[in-house]
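# Fold and geometry: a report
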Amino acid sequence: MKVIFLGPPGSGKGTQAKMVSERLGIPQVSTGDMLRSAVREGTPMGLKAKALMDSGALVADEVVVGIVQERLVKVDCEPGFILDGFPRTVPQADALQACLGGLNKNLDAVISLEVDSDAVVERITGRRTCRDCGKMFHVRFDPPAQEDICDVCGGELYLRDDDQEATIRKRLMVYAEQTAPLIAYYQQSGLVSAIDGMQGIAQVQDQILVAMGRK
Ligand code: AMP
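In this report, the structure presented in the accompanying data block is examined. Only a predicted model underlies this, so the values are computations on that prediction, with no experimental measurement involved. (Residues numbered from 1 in each chain as written. Predicted model: local features only at pLDDT ≥ 70, side-chain atom pairs only at ≥ 80, totals over all residues. Heavy atoms only, no water.)

### Some remarks on the nonpolar core
Counting 27 residues, the largest nonpolar core has Ile4, Leu72, Leu83, Leu96 and Tyr186 as the members making the most contacts within it. Within the residue set of this core, elements represented by two or more residues are strand E1 (2-6), helix H3 (44-55), helix H4 (61-72), strand E3 (81-84), helix H5 (90-102) and helix H8 (181-187). Discounting residues that sit within four places of it in the chain, isoleucine 4 has contacts with Leu83, Phe86, Pro87, Leu96, Leu107, Ala109, Val110, Ile111 and Tyr186. Of all hydrophobic cores here, the second largest spans 15 residues; its members include Val3, Val20, Ile195 and Met212. (Core = buried A, V, L, I, M, F, W, Y, C linked by side-chain atoms within 4.5 Å. Buried < 20%, exposed > 50% of the residue type's maximum accessible area, 1.4 Å probe, protein only. Helix = DSSP H or I, 4+ residues; strand = E, 2+ residues; numbered from the N terminus. Contact = heavy atoms within 4.5 Å.)

Below, the structure written as structure tokens:
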């Protein structure tokens, strides 16, 4: 199963992608996670990406396309994958088509999570991310056992620079301008299932699995 999860920041796409990944035993390929780990490791690409990410802008297409191309040829992607946060622009979608064509693969589904912008701001400003392992919590919806401490590795939890309110508004604008057009792009091939991301996590999960023909 090769599937794309589309949705604005805070739509729950990362959470849902992780749950579906565990349930179906196929990897979650998150460009945001890969870029953040490059930032943590201080690689040249990470250093370049950081300023753009902190400001809410997108990283250059060729950089993310390169990362995804390297990832999709790995053996664990053979049975399928969930693309989370990629593609985010039409050129990235074109590059993905070319890459899949080269691997003799086709997309099976595009899940589009729809949410209300103000609710997204509340969801995101409550998010806390572990500095060490990257695990995410939410101060209201999924709090850690101990405030600001990661349940998994004991690392410090922090509010990502790109999760500050002004940056979120900018990211929502970037989504509307550059990523939302991908819904129409994939609708042409009849792959899109739109799902109301304002429902509870379990309900959204059920509807995603139904749309993917896995329930
Ligand atoms: P995410 O965790 O998916 O919300 O991504 C966090 C940030 O990483 C975004 O705001 C962008 O700056 C960058 N990023 C992640 N995926 C992409 C992508 N496909 N294209 C460009 N920038 C990306």
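### Quick word on the sheet that holds E3
The sheet built from five strands is open, its strands ordered E2-E3-E1-E4-E8 with parallel pairing. Edge positions in the open sheet fall to strand E2 (28-30) and strand E8 (192-196), since each of these has one partner strand only. Direction aside, the axes of adjacent strands within the sheet are offset by 20° on average. Bridge count for strand E4 (residues 109-114) against E8 is five bridges, and the pairing is parallel. Paired with serine 112 across the bridge in E8 is alanine 194. (Pairing = 2+ DSSP bridges. Axes fitted to C-alpha atoms, helices over the stretch in contact; angles between N-to-C directions.)

### A few points about the site of the ligand
The immediate surroundings of the ligand are formed by 16 residues, with Thr31, Ala57, Gly85, Gln92 and Arg171 found nearest. The side chain of arginine 88 places a nitrogen or oxygen atom 3.0 Å from a nitrogen atom of the ligand. The contact in question runs from an oxygen atom of the ligand to an N or O atom on the side chain of arginine 171, over 2.9 Å. Its residues assigned to classes, the shell around the ligand shows seven nonpolar, four polar and five charged. (Near = heavy atom within 4 Å. Polar contact = N/O pair within 3.5 Å; in protein donor to acceptor, adjacent residues only side chain to side chain. Nonpolar A, V, L, I, M, F, W, Y, C, P; charged D, E, K, R; others polar.)

### Focus on the packing of aromatic side chains
Overall, the coordinates contain one aromatic pair when judged by the stated rule. Where tyrosine 185 meets tyrosine 186, the ring centres are 4.8 Å apart and the plane angle is 70°; that geometry is what we call edge-to-face. Note that arginine 131 overlies the ring of tyrosine 158, its terminal NZ or CZ placed 4.2 Å from the centroid. For lysine 135, the ring lying beneath its charged end belongs to phenylalanine 137, and the centroid distance is 5.0 Å. (Phe/Tyr/Trp six-rings, centres within 6.5 Å; stacked < 30°, edge-to-face > 60°. Lys NZ or Arg CZ within 6 Å of the ring centre and 35° of its normal.)

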